[in-house]
Amino acid sequence: MDDAAEVEQTAVKIILIGPPGAGKGTQSQLLQKCYSIPQISTGDILREAIQKETPLGKKAKDFVNKGYLVPDEIVIGLIQDRLHRNDCRKGFILDGFPRTVSQSDALSNLVVIDAVISLDLDEEEVLVRLAGRRSCPKCGKPYHMRFEPPQHNERCDTCSLKLIQRVDDKEETIRQRLFEYRKNTEPIIRYYDEKSKLIRIDARGTKQEVFNRIVATLQYDHI
Ligand code: AMP
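Each value, and the rule that gives it
Residues numbered from 1 in each chain as written. Predicted model: local features only at pLDDT ≥ 70, side-chain atom pairs only at ≥ 80, totals over all residues. Heavy atoms only, no water. Pairing = 2+ DSSP bridges. Helix = DSSP H or I, 4+ residues; strand = E, 2+ residues; numbered from the N terminus. Axes fitted to C-alpha atoms, helices over the stretch in contact; angles between N-to-C directions. Contact = heavy atoms within 4.5 Å. Buried < 20%, exposed > 50% of the residue type's maximum accessible area, 1.4 Å probe, protein only. Arc of directions from axis to C-beta. Parallel < 35°, antiparallel > 145°, perpendicular 65-115°, else oblique. Nonpolar A, V, L, I, M, F, W, Y, C, P; charged D, E, K, R; others polar. Core = buried A, V, L, I, M, F, W, Y, C linked by side-chain atoms within 4.5 Å.

What is the right way to look at the sheet that holds strand β7 (residues 198–202) in this model?
Sheet strands pair via backbone hydrogen bonds, and the direction of the pair is either parallel or antiparallel. Read from one edge of the open sheet, five strands run β2-β3-β1-β4-β7, paired in parallel fashion. Among the strands making up the open sheet, the edge pair consists of β2 (39–41) and β7. With direction set aside, neighbouring strand axes in the sheet form an average angle of 20°. In terms of strand pairing, strand β1 (residues 12–17) meets strand β4 (residues 115–120) through four bridges, oriented parallel. Across the sheet, the residue bridging to Ile-15 is Val-116, located in β4. Packing of helix α7 (residues 171–194) onto the sheet brings it into contact with β1, β4 and β7, and relative to β1 it is tilted by some 140°.

I would appreciate a short explanation of helix α2 (residues 42–52) in the present structure.
The periodicity of an α-helix, 3.6 residues per turn, causes residues three or four places apart in sequence to face the same way. Within the span of α2, buried status applies to Thr-42, Leu-46, Ala-49 and Ile-50. Down the axis of α2, the buried set is contained in an arc of 100°. They therefore lie on one face. Structural note: α2 exposes Gln-51 and Lys-52 on the side pointing more than 90 degrees away from its buried face. Immediately downstream of α2, the backbone of Glu-53 shows phi near 55°, a positive value.

What is the right way to read the packing of α2 against helix α4 (residues 72–83) from this model?
Between two packed helices, both the angle of their axes relative to each other and the distance between the axes serve to describe the pair. It is the contact of α2 with α4, at a shortest axis distance of 11 Å, that shows an interaxial angle of 105°. If you check the angle between α2 and α4, you find them roughly perpendicular. For the pair formed by α2 and α4, the contact residues are Thr-42, Ile-45 and Leu-46 on the first element and Val-75, Leu-78 and Ile-79 on the second. Here the residues of the contact of α2 with α4 sort into five nonpolar, one polar and no charged.

Any chance you could explain the nonpolar core here in plain terms?
Within soluble globular proteins, side chains that are nonpolar generally end up buried alongside one another. Grouped together as the largest cluster of nonpolar side chains are 29 residues, with contacts concentrated most on Ile-15, Ile-17, Leu-83, Phe-92, Leu-94, Leu-107 and Tyr-192. Every element with two or more residues in this core is listed here: β1, α2, α3 (55–66), α4, β3 (91–95), α5 (101–108) and α7. Here this core gets six residues from one element, more than from any other, and that element is α4. With residues up to four places along the chain from it excluded, the contact list for Leu-107 reads Ile-15, Leu-83, Leu-94, Phe-97, Pro-98, Ile-113 and Tyr-192. Judged by nonpolar contacts, the second largest core, of 27 residues, contains Val-12, Cys-34, Ile-37 and Ile-201.

Quick look at the structure:
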């Protein structure tokens, strides 16, 4: 299926879960186009707040840059505000929230979720993906030095600026993020499985292959 094709839908509320580097951001952007519902990435919201040095950014900066989870009360408050905005009435894709059982409990008091997609990828592959990840500091276009390299030596094809690596994509920080994932986020996979909401997707392959698997499964489940 073409990623720009629209799927006929009413309100769809989806969560994407997966280790760092599994493709949550990429897949939720494709789903956003396909279902015409907003993608809500707590990581993006926090990074923007850090860059703009807002009060939220100041509270979150050390946690994010060192690969620790931001405290639950901060991200839960942020999501409560975001889900009350008008554009969420037709549904949404949560990318990177919830990440702890307390966050899942708080979310269940706010909305009923239709499906939780777990992007499954083993740690070796995660490390290869994260180590090569770069983006343009101006337009934000994502690249991968092995799988989607720029045409000219680490520079953006559109802006010609030197590509940058996320502060938290450095090796030591990646290890901390994977530790947080195993400790705090893997338990919520069981949490949603017990509630029969879980859809497991093999996240290996190209972004289009993974996307096709997701859409086929959602359609099969009438979501
Ligand atoms: P991401 O872009 O989803 O990989 O998130 C980047 C970083 O933002 C994470 O490593 C955490 O420090 C922070 N973060 C994002 N979402 C959450 C969340 N739901 N709970 C706690 N911290 C979060």
